[in-house]
Amino acid sequence: MVMVLSWCMTLNTMWQMIQLHECVPGTRFDRYIDLGRYAFGPKLGGWIVLPQQLIVQVGCDIVYMVTGGKCLKKFMEIACASCKQLRQSYWILIFGGVHFFLSQLPNFNSVAGVSLAAAIMSLSYSTIAWAGCLSHGRIDNVSYEYKNTSPTDYMFRVFNALGQISFAFAGHAVALEIQATIPSTPERPSKIPMWKGALGAYFINAICYFPVAMIGYWAFGQDVDDNVLMALKRPAWLIASANLMVVVHVIGSYQVYAMPVFDLLERIMVKRLNFPPGIALRLITRSAYVAFTLFVGVTFPFFGDLLGFFGGFGFAPTSYFLPSIMWLVIKKPKRFSLKWFTNWGCIFIGVFIMLASTIGGLRNIVTDASTYSFYT
């Protein structure tokens, strides 16, 4: 129910973002912060939008570091069972090393090929995951009951789960930046091809996430792993391939979410510190950012808990309720109309998810960190 509700709500807010991109004749709001400043004012808009957008983008990149490293490790364990196995931390470092090179690509258009490969890989490994679970069948004594735990722990785990679902709908944080790359004319405004692209993306999103979640739970019940591919072992070559596909996917996705951060950092360096534009600027700022996300990923490799925390703290505002607030401020729909009720519903649900999943995710990170040996 929550997955379907989230899919519908965020598709609605994505449509709103696309429509608001050119809501002022002759003006294109090419970045989320530009639209926020128009809706809330020059100062307040920046303080409301920028922190949330950065949390989404940086949070995604940290989680992608962890995911890439874990899947590289799993791939090598299957592909070369007799080889000496490296620590997980080393695999995350190896994955991060790739981004020191890819981060030097100049803009969104230059990562189009990497992004396309990532999209194909995402669809492929998702299909392998749910098909593998289906062929695997249910494990012995599979249980769909709630785990035996304290009421407090149970409540926090539910809160964390809300954030994990929110993490699946992260595209709003870069939607306007992507739409800005599409040519726009009065006869064919950018919102037409952008909306077609968004619909296609959401359709693919649904056929990736829903079967994996539901069939994975059917096969493993309460014992399902954060990453269901980790629980599948046969056929070995196919599961190894799927893990490698995940690596390709998160390589491309990391760059897509990092590009707006690179742009922001470089503008700050030029405007505030009078740093001359050029290769040196790009090398310093981008390498520093990759190093930061790599350090956090190696230090706190709690995949599920990170999803919940970042999903609530950043994704719920940018994907669930900030677009609805901006729509109410800019478009001013008639009070008590269907659009008015829809937007206020998105706001209330989004705020609850933000508060609950942030608390649940942070609590779980603290709990898991207390029993974790760092840099293993």
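Residues numbered from 1 in each chain as written. Predicted model: local features only at pLDDT ≥ 70, side-chain atom pairs only at ≥ 80, totals over all residues. Heavy atoms only, no water.

(A) The overall build of the protein, seen in detail. From N to C terminus, the protein includes 12 helices and 0 strands. Ordered by position in the sequence, the α and β elements of the protein form the string α-α-α-α-α-α-α-α-α-α-α-α. At 21 Å, the protein has a C-alpha radius of gyration in line with the 21 Å of a compact globule built from 376 residues. Taken over the C-alpha atoms alone, the protein extends approximately 60 × 55 × 40 Å along its principal axes. Expressed as a percentage of the 376 residues in the protein, the buried residues total 48%. Put simply, 82% of the contacts in the protein that link residues at least 6 apart link residues at least 24 apart. On the protein, roughly 18200 Å² of surface is accessible, and the fraction owed to carbon and sulfur atoms is 69%. Each charge class in the protein can be summarised by its mean position, and for the 28 positive and 17 negative side chains these summaries are 6 Å apart. (Helix = DSSP H or I, 4+ residues; strand = E, 2+ residues; numbered from the N terminus. Rg over C-alpha atoms; globule rule 2.2 N^0.38 Å. Buried < 20%, exposed > 50% of the residue type's maximum accessible area, 1.4 Å probe, protein only. Contact = heavy atoms within 4.5 Å. Areas by Shrake-Rupley, 256 points an atom, 1.4 Å probe, with all protein chains shown as cover. Lys, Arg positive; Asp, Glu negative; His and termini not counted. Charge placed at Lys NZ, Arg CZ, Asp CG, Glu CD.)

(B) Geometry of the packing of helix 4 (residues 88–102) against helix 9 (residues 236–273). Between helix 4 and helix 9, whose axes approach to 11 Å, the crossing angle comes to 45 degrees. One finds that helix 4 runs oblique with respect to helix 9. Between helix 4 and helix 9 lies a crossing of right-handed hand. The segment helix 4 lies against helix 9, with F95, V98, H99 and L102 engaging V247, V250, I251, Y254 and Q255. Residue composition of the contact of helix 4 with helix 9, grouped by class: 7 nonpolar, 2 polar and no charged. (Axes fitted to C-alpha atoms, helices over the stretch in contact; angles between N-to-C directions. Parallel < 35°, antiparallel > 145°, perpendicular 65-115°, else oblique. Left-handed = near helix turned anticlockwise from the far one by under 90°. Nonpolar A, V, L, I, M, F, W, Y, C, P; charged D, E, K, R; others polar.)

(C) Structural detail: unusual backbone geometry. Phi angles above zero are rare outside glycine, and N274 is one such case at about 55 degrees. With respect to the helices and strands, the residue N274 is situated in the loop between helix 9 and helix 10 (279–299). Here N274 falls in the exposed class, since its relative accessible area comes to 65%. The backbone phi angle of F336 is positive, close to 70 degrees, even though this residue is not glycine. Its place among the elements puts F336 in the loop between helix 11 (303–331) and helix 12 (338–369). Relative accessible area serves as the criterion here: at 54%, F336 is assigned to the exposed category.

(D) Geometry of the nonpolar core. Counting 46 residues, the largest nonpolar core has C60, M65, F95, C133, L229, Y254 and Y289 as the members making the most contacts within it. Within the residue set of this core, elements represented by two or more residues are helix 3 (42–79), helix 4, helix 5 (112–136), helix 7 (172–179), helix 8 (191–220), helix 9 and helix 10. In terms of residue count, helix 9 provides more of this core than any other element does, 14 residues in total. The contacts of Y254, once residues within four sequence positions are left out, are D61, Y64, M65, H99, Y289, V290 and T293. Grouped together as the second largest cluster of nonpolar side chains are 24 residues, M194, Y320, F321 and I353 included. (Core = buried A, V, L, I, M, F, W, Y, C linked by side-chain atoms within 4.5 Å.)

(E) Representation of the UniProt feature "signal peptide" (unreviewed entry) in the protein in the model. If you check UniProt for "signal peptide" (unreviewed entry), the listed places come out as residues 1–20 in our numbering. A distance of 29 Å separates the end C-alpha atoms of residues 1–20, which is 95% helix and 0% strand. (UniProt positions renumbered as here; feature names shortened; annotations may be inferred.)

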